[in-house]
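Commentary on secondary and tertiary structure
Here's the letter readout for the chains.
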Amino acid sequence: MTTERIEFFYHYTMGPEWQQQIVDQLGASLTDNKIMIMPEGIASGGSIFLEVLPGLSVLLLDMTFRVPVAITRVPTDHNYYMVYFDIGDEITTHIVEDSIHKAGYHSKLGMSFMDASSKGTIMPPVGERSYSLRLFIAKHYLKELGASTRELSVNNQLFDETKNTLFFYSHIDSRSKVLLNNLKEQPFTNPSFELKLKSTALYLLGYLVERVSRFEPIINKLSQQDIDNVLKTSQYLLDHLLDEFPGLQKMADLAGMSVSKYKILFKKMLKESPNNFFLNEKLLLAQKLLQSGDFNSVQEIAYELGYSSPNYFAKVYKKMFGLLPAEVLVKAALMG
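Residues numbered from 1 in each chain as written. Predicted model: local features only at pLDDT ≥ 70, side-chain atom pairs only at ≥ 80, totals over all residues. Heavy atoms only, no water.

1. Remarks on the overall build of the protein chain
Secondary structure summary: the protein chain contains 13 helices and 13 strands in total. Over its C-alpha atoms the protein chain spans a radius of gyration of 21 Å, differing by no more than 12% from the 20 Å that the globule rule assigns to 336 residues. Considering only C-alpha atoms, the protein chain reaches an extent of 60 × 55 × 40 Å along its principal axes. Counting the 336 residues in the protein chain, one finds 50% classified as buried. Taking all contacts inside the protein chain whose residues are at least 6 apart in sequence as the whole, residues at least 24 apart take part in 70%. About 15,900 Å² of surface is accessible on the protein chain, with carbon and sulfur atoms providing 52% of the total. The centroid of the 34 positive side-chain charges in the protein chain is displaced by 6 Å from the centroid of its 37 negative side-chain charges. (Helix = DSSP H or I, 4+ residues; strand = E, 2+ residues; numbered from the N terminus. Rg over C-alpha atoms; globule rule 2.2 N^0.38 Å. Buried < 20%, exposed > 50% of the residue type's maximum accessible area, 1.4 Å probe, protein only. Contact = heavy atoms within 4.5 Å. Areas by Shrake-Rupley, 256 points an atom, 1.4 Å probe, with all protein chains shown as cover. Lys, Arg positive; Asp, Glu negative; His and termini not counted. Charge placed at Lys NZ, Arg CZ, Asp CG, Glu CD.)

Here it is, written out as structure tokens:
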């Protein structure tokens, strides 16, 4: 017998008042306007929400769902940006408008930055630990932080919503991942956890500002359809890493755009060209395959990934990771 999926809708605010929606709709319990525990029939665990400082709030969710749910965020307050980090044990499905994305420890893109005006739905896995952290950053506050890393005229253009949309998907950087994994080892109900979470939120914000300062500013206003279509093509590339790069024309056609528009918007949202994105993701997959213990030689993996020359594969792998594939390979025989 299949359990019917529970659907509920909510919106975030920079303050704690948004949590009452979950209490009212699902019967969760709320303590001190901070710690929310889910009803046992729906999930074990819960969340903690803190106002870190004026202009910055943090939400950490740590729960294991017992039934399928679809949780839809409805945009109401447009005055903040949301940064999402997902290091759940299994992949969580994200639907932004009609585009489906995967996030979590085993997926490729676990971090997103988006304007609060976008609508999104998540469908967490059942029976597996879901673990994610969200930063809510007031737009005026992030603009002030951005002013320290860019020329004032460029910064003003970046944050001018009539000319530009701030939005990107990416990997969780290594420093942020270490912080998040340290949090994951501790129960959020511990008395000392609140201080650790606030500290982590400030570090994550600092890393984000530093990271974004290195991005090439691409001033461009995105429609929700543009966002959906570009992310659809990035997912297509992730799903076809064992093939050759399909070519810009095919990708632009899939996005319903001209090649020139597609190249600009893809780089704006994914921070690299479609071809580089594809090749880098292919090499990240290669790293996992080399460490999997499922192959006996580098040549096998090179051919699996669609490289006709194992020597060329070794060259590009070393350029990215600093080691030859043979130095990383865990042979199948050794795993037995």
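2. Let's talk about the packing of aromatic side chains
By the definition in use, this model includes 20 aromatic pairs. When the ring of Tyr 307 is compared with that of Tyr 312, the centres are 6.2 Å apart and the planes differ by 50 degrees; the resulting orientation is tilted. When its relative accessible area of 48% is taken as the criterion, Tyr 312 is described as partly exposed. These aromatic residues form a ring-pair network of at least three members: Tyr 10, Tyr 12, Trp 18, Phe 49, Tyr 80 and Phe 136. The ring of Tyr 81 carries the charged tip of Lys 139 above its face, separated from the ring centre by 5.3 Å. Sitting over the face of the ring of Tyr 307, Lys 282 holds its NZ or CZ atom 5.6 Å from the ring centroid. (Phe/Tyr/Trp six-rings, centres within 6.5 Å; stacked < 30°, edge-to-face > 60°. Lys NZ or Arg CZ within 6 Å of the ring centre and 35° of its normal.)

3. A closer look at the side chain of Thr 13
Counting through the fold element by element, Thr 13 comes out in the loop between strand 1 (6-10) and helix 1 (20-26). Note on Thr 13: relative accessible area 12%, which makes it buried. At 2.8 Å, the side chain of Thr 13 forms a polar contact with the backbone oxygen of Gly 15. A distance of 3.1 Å separates polar atoms of two side chains, one belonging to Thr 13 and the other to Glu 17. Setting aside its immediate chain neighbours within four residues, Thr 13 contacts Trp 18 and Phe 49. (Polar contact = N/O pair within 3.5 Å; in protein donor to acceptor, adjacent residues only side chain to side chain.)

4. Remarks on empty space enclosed by the protein
By the definition in use, this model includes six cavities of 30 Å³ or more. Here the largest cavity defines a volume of roughly 300 Å³. Taken together, 23 residues make up the lining of the largest cavity; nearest its centre are Arg 150, Leu 158, Phe 159, Leu 166 and Val 212. Counting residues per element, the ones that place at least two in the lining of the largest cavity are helix 2 (139-146), helix 3 (152-158) and helix 5 (193-213). If one sorts the elements of the lining of the largest cavity by residue count, helix 5 sits on top with four residues. Across the lining of the largest cavity, the residue classes break down as 14 nonpolar, five polar and four charged. The calculated volume of the second largest cavity comes to roughly 260 Å³. (1 Å grid on protein atoms, 1.4 Å probe; cavity = no way out; pocket = protein on both sides within 12 Å on 5 of 7 lines; lining within 4 Å. Points joined across faces, edges and corners; volume = space filled by probe spheres on them. Nonpolar A, V, L, I, M, F, W, Y, C, P; charged D, E, K, R; others polar.)

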